[in-house]
Amino acid sequence: MIRPTPPAGAPPSAPALTIDALGRKCPIPIIMLAERIREVPVGQVVAVLADDPAAKTDVPAWCAIKTHEFVAAVDLPSGWAFLVRRCY
């Protein structure tokens, strides 16, 4: 599948879905992402809000295993927003 590549330095796409996993411990943020990623069309971005430090490694690792694109981790006042692009 060929997807247009955004220009270098372009901000990631606005999330089509936001999953609020703030206050949830590992592995709940990943479970919530896995259950809901199919709600968005292929190529769209899901934001996972999490404050468990384990999510900083868990979300990118899950993306690699499941072959979805880890787009970015954005710092929030409390935690992070992990942006994941659905690839299939």
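Heads up: the structure comes first, above all this text.
Description of the structure in this document. (Residues numbered from 1 in each chain as written. Predicted model: local features only at pLDDT ≥ 70, side-chain atom pairs only at ≥ 80, totals over all residues. Heavy atoms only, no water.)

### Quick word on the pairing of strand E4 (residues 79-85)
Across the 7 residues of E4, 7 count as buried, placing the element largely inside the fold. What you see with E4 is no split at all: Gly79, Ala81, Leu83 and Arg85 on one side and Trp80, Phe82 and Val84 on the other are buried throughout. (Buried < 20%, exposed > 50% of the residue type's maximum accessible area, 1.4 Å probe, protein only. Helix = DSSP H or I, 4+ residues; strand = E, 2+ residues; numbered from the N terminus.)

### Some words on the nonpolar core
One finds Ile19, Leu33, Val46, Val48, Val59 and Phe82 to be the most contacted residues of the largest nonpolar core, which totals 18 residues. Of all elements in the fold, only strand E1 (17-20), helix H1 (28-36), strand E2 (45-50), helix H2 (55-66) and E4 reach the threshold of two or more residues within this core. Top element by residues in this core is H2. It accounts for 4 residues. Excluding its chain neighbours within four sequence positions, the residues that come into contact with Ile19 are Met32, Leu33, Arg36, Val46, Ala47, Val48 and Leu49. (Core = buried A, V, L, I, M, F, W, Y, C linked by side-chain atoms within 4.5 Å. Contact = heavy atoms within 4.5 Å.)

### Things to note about the sheet that holds strand E3 (residues 69-76)
Within the open sheet, the 4 strands sit side by side as E1-E2-E4-E3. Their pairing is mixed. In the strand order of this sheet, the two ends are held by E1 and E3, each with one partner. Geometrically, the sheet is characterised by an average inter-axis angle of 20 degrees between neighbouring strands, direction not taken into account. (Pairing = 2+ DSSP bridges. Axes fitted to C-alpha atoms, helices over the stretch in contact; angles between N-to-C directions.)

### Some thoughts on H2
For H2, with 12 residues, the first-to-last C-alpha span of 16 Å sits near the 16 Å given by 1.5 Å per residue. Where the residues of H2 are buried, they touch H1, E2, E3 and E4. Backbone geometry just downstream of H2 places Thr67 in the positive-phi region, at approximately 55 degrees. (Expected span 1.5 Å × (residues − 1).)

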